[in-house]
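This is what each chain is made of:
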Amino acid sequence: MANEKHGTITDNNHAALWHGRFAEGPDAAAVEFETSIHVDERMALDDIKGSKAHAEMLFKQGIISEKENSEIQNGLSSIESDLQSGKLSIDYSAEDIHSFVEATLTDRIGDAGRKLHTGRSRNDQIALDERLYLRRVIPELQKNIVSLINTLADIAKNHTRSLLTGYTHMQHAQPGTLAQHLCAWAWMLTRDVERLEDSLKRVSLSPLGSGALAGSGLPLNREFVADQLGFSGVTQNSLDSVSDRDYCIEFTSDFALLQSHLSRMCEEVVLWSTTEFGFIDLSEKWSTGSSIMPQKKNPDFAELIRGRTGKVYGDLINLLVMMKGLPLAYDRDMQEDKAPLFEALDTVQGNVIVFEAMISSAKWNLPKMEASCFGGFANATDVADYLVRKGLPFRLAHGVAAKCVRLAIDSGLSSIEELSLSDMKNISDLFESDIFEKITPKACMEARKTTGGPSPEQTEKQILALKEFCKKY
Ligand code: ARG
């Protein structure tokens, strides 16, 4: 119970949690400089959830009474519902979200509120809040990515026979399909979902009870709190628990890799929407125009997604550098972890959602895609394979096919199939009249039946596998 003597230092619930030792209050500019509430307010619900579990544990351990616990539980529930309904708004003069919740609780329930922080420090509290927050929001991001994978697989389903040249070095390489290309994007994204899943396993340990750095002399029960909050266990070292920000760096690096994938996909969308390629026609709803050039329909959304890559990579570097060289245990530098973590998360999440809307509303110009399969000698490997089937060693077959390409170029032709059979026989008498039907783009694509290859049977299998993957989330 706060008596007269103690009451003098606790009568202002909204003073900084540490004000007791100070004769002077902080300079207003100092407060503005060090506050984090504008950034950490998004963890309000997680902070409340963690505090509820902590109070429950304090009661179970006989540290607070049943009455105090129920006052705390009811008080925190009322703060939670008032925040959600908008009846209560965040007080931005509070130092951080922990101070705001504790001060509001104490306003509402008095002395019991002053017991909430027993055996706890904001150092283990912030680590707990961040872990709870990530466990709450990462599954939403995974769902967004899975929805995009599903959409890509659905589009692919209609295009297992839509011819599209595959490129290496941006030069015609070998024949493929649009479905094969879209599935390639989707597989990149499956790894992002899995990486997030893997990082979730490591973030799923409770640091609460590590205190400021050295645990507590009070009989806390860390395992009980972890269990209540659905963690798989507790962290193993109190110093490490309050100074570890690996999970921020790990998730942000997951985001950076996801962003790299989105950026590469967007680069292709931008390229494919050029007049020169013309493979994709973006919906007017997901394009913009020009203030001066009346004809323009620009792929700005793909460009913006691609353009925000610097932000996400920058956030990762920010975190890595911020943590570099920090001595154990907690250092205030670490308060700077949340802005880059949240910025990277928000950016990739927005990008995934916009990419899906953009790609699902786009139209595909199949004749143009198919036309691109001619004229770039993308079937030269298949000419060599034809000869391999007739027993010629591949290295020699490669040479013969190369001679066919050379002859076509020297004769001003744009494809091998424009040569005559006798021209080809002059190069190798293994060529028969069936060579021409064996090297159409369609035949070349259909022949590529190796697992993961672009033949329709193989792509259909991929689509099924992608759909199965999505069902897990
Ligand atoms: N706002 C702080 C953060 O985000 C909470 C921990 C503060 N701890 C301290 N000893 N000042 O890191």
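Placed above this text is the structure.
Values in this document were obtained by computation on a predicted structure and should not be read as measured data. (Residues numbered from 1 in each chain as written. Predicted model: local features only at pLDDT ≥ 70, side-chain atom pairs only at ≥ 80, totals over all residues. Heavy atoms only, no water.)

Novice: Tell me about the overall build of the protein, and name the residues and values.
Specialist: When its secondary structure is counted, the protein shows 22 helices and six strands. The C-alpha radius of gyration computed for the protein amounts to 31 Å, which surpasses the reference 23 Å derived for 473 residues by more than 25%, pointing to a less compact arrangement than a globule. Each of the three principal axes of the protein carries a C-alpha extent, and together these read 110 × 55 × 40 Å. Residue burial in the protein is summarised as follows: out of 473 residues, 47% are buried. (Helix = DSSP H or I, 4+ residues; strand = E, 2+ residues; numbered from the N terminus. Rg over C-alpha atoms; globule rule 2.2 N^0.38 Å. Buried < 20%, exposed > 50% of the residue type's maximum accessible area, 1.4 Å probe, protein only.)

Novice: Any chance you could break down the environment of D47 for me, citing the residues and the numbers?
Specialist: Tracing the chain through its elements places D47 in helix α4 (residues 44–60). In this structure the C-alpha to C-alpha distance between D47 and Q125, which are 78 residues apart in sequence, comes to 7.7 Å. Those residues in contact with D47 that sit more than four places away from it in its chain are I97, H98, V101, Q125 and D129. (Contact = heavy atoms within 4.5 Å.)

Novice: For the packing of helix α8 (residues 122–157) against helix α12 (residues 246–272), give the residues involved together with the corresponding values.
Specialist: Where α8 contacts α12, the two axes come as close as 11 Å, and the packing angle between them is 20°. Considering the angle they form, α8 stands roughly parallel to α12. Considering the relative orientation of α8 and α12, their crossing is left-handed. Where α8 abuts α12, its residues A127, E130, R131, L134, I138, L141, I145, L148 and L152 lie against Y247, C248, F251, F255, L258, L262 and M265. Of the residues in the contact of α8 with α12, the class split is 14 nonpolar, no polar and two charged. (Axes fitted to C-alpha atoms, helices over the stretch in contact; angles between N-to-C directions. Parallel < 35°, antiparallel > 145°, perpendicular 65-115°, else oblique. Left-handed = near helix turned anticlockwise from the far one by under 90°. Nonpolar A, V, L, I, M, F, W, Y, C, P; charged D, E, K, R; others polar.)

Novice: An account of the pairing of strand β1 (residues 163–168) is needed here, citing residue identities and associated values.
Specialist: Examined bridge by bridge, β1 and strand β2 (residues 171–177) share six bridges and lie antiparallel to one another. Bridge pairing in β2 links T165 to P175. The hairpin turn running from β1 into β2, its antiparallel successor, is two residues long, and H169 in that turn takes a positive phi close to 55°. (Pairing = 2+ DSSP bridges.)

Novice: Give me the lowdown on a nonpolar patch on the surface, citing residues and values where you can.
Specialist: A cluster of nonpolar side chains, namely L213, L239 and L328, defines an oily patch on the protein surface of about 270 Å² accessible area. Mapped onto the elements, L213 comes out in the loop between β3 (205–206) and α10 (222–228). (Patch = residues over 30% accessible without salt bridge, like charges linked within 9 Å, V, L, I, M, F, W, Y side chains within 5 Å. Areas by Shrake-Rupley, 256 points an atom, 1.4 Å probe, with all protein chains shown as cover. Salt bridge = Lys/Arg side-chain N within 4 Å of Asp/Glu carboxyl O.)

Novice: Lay out the environment of D240 in plain terms, naming residues and giving numbers.
Specialist: Position of D240 relative to the elements: it lies in helix α11 (residues 238–243). Put simply, D240 and S210 are 30 residues apart on the chain and 8.9 Å apart in space, counted from C-alpha to C-alpha.

Novice: Describe the site of the ligand, and please don't skip the residues or the numbers.
Specialist: The ligand sits among S36, D96, H98, R122, N123, I126, Y330, R332, Q335 and K338. At 2.9 Å from a nitrogen atom of the ligand is found a side-chain nitrogen or oxygen belonging to N123. Q335 is positioned with one of its side-chain polar atoms (N or O) 2.8 Å from a nitrogen atom of the ligand. Burial of the ligand by the surrounding chains reaches 87%, relative to a free accessible area of 340 Å². A total of three residues in the shell around the ligand trace back to one element, the largest contributor, which is α8. (Near = heavy atom within 4 Å. Polar contact = N/O pair within 3.5 Å; in protein donor to acceptor, adjacent residues only side chain to side chain.)

Novice: Tell me what's going on with the packing of aromatic side chains, and back it up with residues and numbers.
Specialist: Scanning the model with the defined rule gives 12 aromatic pairs in all. Aromatic pair W185 and F355: ring centres 5.8 Å apart, planes at 75°, arrangement edge-to-face. Within this pair, whereas W185 is found in helix α9 (residues 178–203), its partner F355 is found in helix α15 (residues 338–360), the two being separated by 170 residues in sequence. Here W185 falls in the buried class, since its relative accessible area comes to 2%. (Phe/Tyr/Trp six-rings, centres within 6.5 Å; stacked < 30°, edge-to-face > 60°.)

Novice: I'd like a rundown of the nonpolar core, residues and numbers included.
Specialist: Ranked by size, the top nonpolar core spans 70 residues in total, and within it W185, F255, F355 and I359 carry the most contacts. Mapped onto this core, the elements with two or more residues apiece are α8, α9, α12, α13 (300–307), α14 (309–323), α15 and α22 (456–471). When residues of this core are assigned to their parent elements, the largest contribution, 15 residues, is made by α8. Residue contacts for W185: discarding those within four places in its chain leaves L152, M265, E268, V269, W272, F355 and I359. Within the second largest apolar cluster, 30 residues are counted, among which are I79, L83, A226 and L229. (Core = buried A, V, L, I, M, F, W, Y, C linked by side-chain atoms within 4.5 Å.)

Novice: Pulling in residues and values, what's your account of empty space enclosed by the protein?
Specialist: Applying the stated criterion across every chain yields a total of one cavity of 30 Å³ or more. The computed volume of the largest cavity comes to approximately 80 Å³. Taken together, 13 residues line the largest cavity, and the ones lying closest to its centre are C373, A378, N379, E417 and P441. For the lining of the largest cavity, the class distribution of residues is seven nonpolar, five polar and one charged. (1 Å grid on protein atoms, 1.4 Å probe; cavity = no way out; pocket = protein on both sides within 12 Å on 5 of 7 lines; lining within 4 Å. Points joined across faces, edges and corners; volume = space filled by probe spheres on them.)

Novice: Requested: an account of the pattern of salt bridges, with residues and values cited.
Specialist: What the rule picks out here adds up to 31 salt bridges. Across the pair R161 and E446 runs a salt bridge whose closest N-O atoms are separated by 2.7 Å. In this pair, R161 is assigned in the loop between α8 and β1 and E446 in helix α21 (residues 441–447), connecting sequence segments 285 residues apart. Of the charged contacts, one joins D382 and R448 as a salt bridge, the two residues approaching to 3.1 Å between their closest N and O atoms. In this pair, D382 is assigned in helix α17 (residues 380–389) and R448 in the loop between α21 and α22, connecting sequence segments 66 residues apart. R448 shares its class with D382; the two are buried. A network of salt bridges, in which partner residues are shared, links E34, E95, D96, R122 and R332.

Novice: Hey, could you go over the layout of surface pockets for me, with residue numbers and the actual values?
Specialist: With a probe scaled to a water molecule rolled over the atoms, the places where space remains empty come into view. Quantified by volume, the largest pocket comes out at close to 560 Å³. Lining the largest pocket are 25 residues, and of these T165, G166, Y167, H181 and E268 sit closest to its centre. At the level of elements, β1, β2, α9 and α12 are the ones that each hand at least two residues to the lining of the largest pocket. Looking at the lining of the largest pocket, its residues break down into 11 nonpolar, 11 polar and three charged.

Novice: So what about unusual backbone geometry? Which residues, and what values?
Specialist: Cis rather than trans, the peptide bond between L328 and A329 has omega equal to 5°. Backbone geometry at H169 places phi at a positive 55°, although glycine is not the residue there. Within the fold, H169 resides in the loop between β1 and β2. For H169, a relative accessible area of 74% puts it in the exposed group. Here F377, not a glycine, exhibits a phi torsion of approximately 60°, which is positive. Note on placement: F377 falls in the loop between α16 (366–371) and α17.

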